[in-house]
Structures are given as C-alpha cells and as structure tokens.
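# Summary of the model geometry
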Amino acid sequence: MKTLEIRVLLQTFSVAVAISFYFWANYLTNPIEGKSASDLSKEIVGSISSSISGIFKEAVNQSYEVQHTSFNLIWNLGLPFILFLIVTTLLGTVCFHLSKSIFTDSDSTLDIGIKCITTIGLAYVTIMSGLRSLDLLILNFAVAAISILIFIILLGVISAPFSNNSKSS
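Conventions used here
- Residues numbered from 1 in each chain as written.
- Predicted model: local features only at pLDDT ≥ 70, side-chain atom pairs only at ≥ 80, totals over all residues.
- Heavy atoms only, no water.
- Helix = DSSP H or I, 4+ residues; strand = E, 2+ residues; numbered from the N terminus.
- Rg over C-alpha atoms; globule rule 2.2 N^0.38 Å.
- Buried < 20%, exposed > 50% of the residue type's maximum accessible area, 1.4 Å probe, protein only.
- Contact = heavy atoms within 4.5 Å.
- Areas by Shrake-Rupley, 256 points an atom, 1.4 Å probe, with all protein chains shown as cover.
- Lys, Arg positive; Asp, Glu negative; His and termini not counted.
- Charge placed at Lys NZ, Arg CZ, Asp CG, Glu CD.
- Axes fitted to C-alpha atoms, helices over the stretch in contact; angles between N-to-C directions.
- Parallel < 35°, antiparallel > 145°, perpendicular 65-115°, else oblique.
- Left-handed = near helix turned anticlockwise from the far one by under 90°.
- Nonpolar A, V, L, I, M, F, W, Y, C, P; charged D, E, K, R; others polar.

## Quick notes on the overall build of the chain
A tally of helices and strands in the chain yields 4 helices and 0 strands. Seen in sequence order, the chain has helices and strands lined up from the N terminus as α-α-α-α. Relative to a compact globule of 169 residues, whose C-alpha radius of gyration would be 15 Å, the chain shows 25 Å and is clearly more extended. In terms of overall dimensions, the chain has C-alpha extents of about 90 × 40 × 25 Å along its principal axes. A burial count over the chain gives 28% of its 169 residues as buried. The long-range share in the chain, meaning contacts at least 24 apart out of those at least 6 apart in sequence, stands at 80%. Carbon and sulfur atoms make up 70% of the accessible area of the chain, which amounts to about 11,400 Å² in all. The averaged location of the 10 negative side-chain charges in the chain is 7 Å from the averaged location of its 9 positive side-chain charges.

Structure representation (structure tokens):
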C-alpha cells in the first residue's frame, strides 16, 4: 500500500511540475506567437547585418543604428523548447503508467473511469506539448541555419581578398 501512495504522490507532483512548466513555456513564447520561421529569420538577418554594418561604419566614424529583434533566441526559442520537452516527457510517463494501471490494478469501476478520463486528458496535453516542442524545434533549426549561413557568407566576403587563387601563366 505504501508503494501505491508514493506512486500517486510522484505522479501528482510530476503533473503539477509539468503543468507549471507548460504555462511558463507558453508565457515565454508570447513574443514569437503567430510569426513564421521566415519572419523570425528575417529579424535575425536584419539584426546580424545591422551589427556587421555597424562594425564597418564604426571603423570609418559614420553614424549607425543597430536593429534589435523583438525576441530573445535563448528565452523565447531555446528555453521553451526544453520546457516543452520536459512537459512531454513527464506527462507522457505519467500517462503511460496511469494507462498501464487501468489494466493491471483491480480497482472499482469508478476508479477505472476516473483513471480513463485522467489518462485521456493527460494524453491530449502531452500531444499538444509534443507538437509545440516540434514547432519550436523547427523554428530553432531555421533560425540557426540562417545565422550560420550569414556567418559563412561573411567569412567568404572577408577572406576573398586574401585568397591566393590567382592564375599563373
């Protein structure tokens, strides 16, 4: 009986932590709500290019203005992705063990009904959290790819005058 109480306590604690992480991740993704990967990438490109042009304008003592993004890469993309993964893992584990206990424990029909309803609700939230984490993963990859591409192009532009690709006769 003691292991049952510990299991129920752990599952309740896991659900409470997962739901609080879910709301926190939703709050952190507010600045990027409704924006597509191309919109986020355009903001990143604008921010990086204005920073790079600012470096060159600073060298020749011209005035410049650095463009900032409306979101933070770590707080609005990276951390919510990790939080949604944790939520999906916690709720998925609780949902799995709860659905397994429906068939293995000898409970009354009321207990089985409550477990079924709880499992269905947890499965829905788990699926929604998994889809949000997949969405954020795709956005993270898109933004990272654009950022890396910009730095590769910048490296090529900077190293082009110094390359030894001249033809000898």
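## Concerning the packing of helix α3 (residues 73-104) against helix α4 (residues 109-159)
Between two packed helices, the angle of one axis relative to the other and the distance separating the axes together describe the packing. Interaxial distance between α3 and α4 falls to 7 Å at its minimum, and their mutual angle equals 155°. What the angle tells us is that α3 and α4 run roughly antiparallel. Crossing of α3 over α4 shows left-handed handedness. Classifying every residue of the contact of α3 with α4 gives 21 nonpolar, 13 polar and 2 charged.

These figures capture arrangement, not role.
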